[in-house]
Each structure stands twice: as C-alpha cells, then as structure tokens.
Amino acid sequence: QVQLVEAGGGFVQTGGSLRLSCAASGRTFSSYEMGWFRQAPGKERAIVAAISRSGLSTKYGDFVKGRFIISRDNAKSTVYLQLNSLKPEDTAVYYCAGTQRPGIVSAGTYSLPSSYDYWGQGTQVTVSS
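Residues numbered from 1 in each chain as written. Predicted model: local features only at pLDDT ≥ 70, side-chain atom pairs only at ≥ 80, totals over all residues. Heavy atoms only, no water.

> Where do I start with the pattern of salt bridges in this structure?
Here the idea is simple: oppositely charged side chains can pair when their charged atoms come close. Enumeration over the complete set of coordinates arrives at 3 salt bridges. The partner of Arg-67 in a salt bridge is Asp-90, with the nearest N and O atoms 2.6 Å apart. Here Arg-67 is found in the loop between strand S6 (58-60) and strand S7 (68-73), whereas its partner Asp-90 is found in the loop between strand S8 (78-83) and strand S9 (92-99), with 23 residues between them in sequence. In this pair, the class of Arg-67 matches that of Asp-90, namely buried. Among the ionic contacts, a cluster of salt bridges with common partners joins Arg-38, Arg-67 and Asp-90. (Salt bridge = Lys/Arg side-chain N within 4 Å of Asp/Glu carboxyl O. Helix = DSSP H or I, 4+ residues; strand = E, 2+ residues; numbered from the N terminus. Buried < 20%, exposed > 50% of the residue type's maximum accessible area, 1.4 Å probe, protein only.)

Right, here's the structure in full:
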C-alpha cells in the first residue's frame, strides 16, 4: 500500500506556472503507474496526465495541448506536474493517483479514475483572470 501527498498548489495569475509534486510513501514507487486528475466544482474528475513506471511513456488529457508536463523521480518516490500557461479554466483541485496494475498507460485506461487504487488528498490550484 502507498500513501500519496500532493503539494505545490496555490494562487496564480493567467499565464503563470506552478509545479505540483506528489510524494509517495514506501519503497516500491517504481512499481506504480501514476496519474494526475483534476476536479472543478460541479464537474467530474478528469485526467490531466499519466506516466508509466519507468517514466518513458506519458499521456495527457486533450485539454492540456502541450501546456503541462508530467515527470517522475523514482529515486525520490515523487511524481511531478508542471503547469504552464495557466488559464482560469484550469482552476480545480488536482489529485495524484497510483496503481500497481501494469500497463494502464499503454492500454489506454489511464484516463479512468477507476484504474487507480490510491489517491492523494488533493491540492487546490486557482488561476485568476
């Protein structure tokens, strides 16, 4: 079992940047495929990005359009989400999630919240216009 703790959220103006991090407990982080989701008030939780165990494969939600970058450092048991060119519509609670189920990134099921077994508590990102 793994515990996930997000950090790095905050308040930023349109066009600004933030770097979110998600630190995992335990010593088996490299066996987890990881994802970032976001949820705005009144909306469903949506995939932002996902990354394979090795970090070699990444996927993004359609709305990202090159603005965000997911990465991981297995030695530090941490996954990151770099948010660039932020827009007011990016305002949401951002969650990291993990699973030991293999291949969800390559299989295309990375976008489903049900594909993940472990979730962090979320970090708020607010973008002002």
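From this point, the discussion proceeds with the structure in view.
> Teacher, can you tell me more about the sheet that holds strand S1 (residues 4-7) here?
Within a sheet, neighbouring strands are paired by backbone hydrogen bonds and run either parallel or antiparallel to one another. Strand order in this open sheet of 4 strands is S1-S3-S8-S7, and the pairing throughout is antiparallel. Only two strands of the sheet have a single neighbouring strand rather than two, namely S1 and S7. The average angle at which neighbouring strand axes cross in this sheet is 15 degrees, direction not considered. The pairing of strand S3 (residues 18-24) with S8 spans 6 bridges and is classified as antiparallel. Considered in S8, the bridge of Arg-19 is made with Gln-82. (Pairing = 2+ DSSP bridges. Axes fitted to C-alpha atoms, helices over the stretch in contact; angles between N-to-C directions.)

> Which parts of the structure should I look at to understand the nonpolar core?
A general tendency of soluble globular proteins is for nonpolar side chains to be buried together. Of all hydrophobic cores here, the largest spans 27 residues; its most connected members are Trp-36, Leu-81, Leu-83 and Tyr-94. Counting residues per element, the ones that place at least two in this core are S3, strand S4 (33-39), strand S5 (46-51), S7, S8, S9 and strand S11 (123-128). Residue contributions to this core peak at 4 residues, all from S3. When residues no more than four places from it in sequence are discounted, the contact partners of Tyr-94 are Glu-6, Leu-20, Trp-36, Phe-37, Arg-38, Val-48, Phe-68, Leu-81, Leu-83, Gly-122, Thr-123 and Val-125. (Core = buried A, V, L, I, M, F, W, Y, C linked by side-chain atoms within 4.5 Å. Contact = heavy atoms within 4.5 Å.)

> What is the right way to look at the pairing of S4 in this model?
The two faces of the sheet receive side chains in turn, since in a regular strand these alternate between them. Within S4, 6 of the 7 residues are buried, leaving the element largely enclosed by the surrounding structure. In this structure, S4 lies alongside S9, joined through 7 bridges in antiparallel fashion. Looking across to S9, one finds that Gly-35 is bridged to Ala-97. Pairing geometry for S4 and S5, over 5 bridges, is antiparallel. Paired with Arg-38 across the strands is Ala-46, a residue of S5. Between S4 and S5, which pair antiparallel one after the other, the connecting turn spans 6 residues, and Gly-42 there sits at a positive phi close to 80 degrees.

Any functional reading would require information that these geometric values do not contain.
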